[in-house]
Amino acid sequence: ADYRLTRRLFAGARFDYVQPLAGGDAVWAVVPHLTWWQSEWMYLRGEWQHESLPAAGGRDTSDRVLIQAVWAVGPHQHQHY
């Protein structure tokens, strides 16, 4: 899910849940993120991932912080007016 905070700033979140076909405990993750569109060709995104995995005698959790930069480089069509 994404929500537009301002013209160039978006906040969002993702929830993952996987139940194994053979049975057993599920794996799940929560991933909130914040995206800033610097221009129409580049954006920066920061996200935090919290994951819960089955482990012997309980559950194991892990946390990650990711920063992503995406930009368009190379030839592209000109705008038609």
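Preceding block: the structure.
Position numbers for residues count from 1 along each chain, tracking the sequence in the order it is written. With the structure being a predicted model, the display of local features is reserved for residues of pLDDT at least 70 and the display and counting of side-chain atom pairs for 80 or more, all residues being used for whole-chain, interface and lining totals. Excluding hydrogens and water, the side-chain figures rest on all heavy atoms present in the structure.

Chemist: What should I look at first to understand the overall build of the protein chain in this one?
Modeler: Runs of E in the DSSP output that reach at least two residues are strands. Runs of H or I that reach at least four are helices, and both are numbered from the N terminus. Looking only at helices and strands, the protein chain features zero helices and five strands. Radius of gyration here is computed from C-alpha atoms only, and the compact-globule reference equals 2.2 Å multiplied by the residue count raised to the power 0.38. The globule rule puts the C-alpha radius of gyration for 81 residues at 12 Å, and the 18 Å found for the protein chain is more than 25% above it. Based on the C-alpha atoms only, the size of the protein chain along its principal axes is roughly 60 × 25 × 20 Å. Burial classes: relative accessible area under 20% of the type maximum marks a residue as buried, over 50% as exposed, and values in between as partly exposed (1.4 Å probe, protein chains only). For the protein chain, the residues scored as buried account for 14% of the 81 residues in total. Here, two residues are considered to be in contact whenever any of their heavy atoms come within 4.5 Å of each other. The contacts in the protein chain between residues at least 6 apart in sequence include a share of 30% that link residues at least 24 apart. One finds the centroid of the 7 positive side-chain charges in the protein chain at a distance of 11 Å from the centroid of its 8 negative side-chain charges. Think of it this way: Lys and Arg go in the positive column, Asp and Glu in the negative one, and His and the chain ends go nowhere. Charge positions are represented by NZ for Lys, CZ for Arg, CG for Asp and CD for Glu.

Chemist: Looking at this structure, I do not really get the packing of aromatic side chains. What am I missing?
Modeler: Aromatic ring pairs: the centre-centre distance and the angle between the two ring planes describe each pair. Two aromatic rings, drawn from Phe, Tyr or Trp (for Trp, its six-membered ring), form a pair once their centres lie within 6.5 Å of each other, and the interplanar angle then sorts them: stacked below 30 degrees, edge-to-face above 60, tilted otherwise. Under the definition given, this model contains one aromatic pair. Ring centres of Trp-37 and Tyr-43 lie 4.6 Å apart, and the angle between their planes is 50 degrees; this geometry places the pair in the tilted category.

Chemist: Would you mind going over the environment of His-50 with me for this structure?
Modeler: If you trace the backbone, His-50 turns up in strand β4 (residues 42-55). In this structure, the C-alpha to C-alpha distance between His-50 and Ala-29, residues 21 residues apart in sequence, is 5.5 Å. When sequence neighbours within four positions are dropped, the list of residues in contact with His-50 reads Trp-28, Ala-29, Val-30, Thr-61, Ser-62 and Asp-63. Within polar-contact distance, the side chain of His-50 engages the side chain of Asp-63 at 2.7 Å. Polar contact is the term for a pair of N or O atoms within 3.5 Å; when the atoms are in protein, one must be able to donate a hydrogen and the other to accept it, and sequence-neighboring residues count only if both atoms are side-chain atoms.

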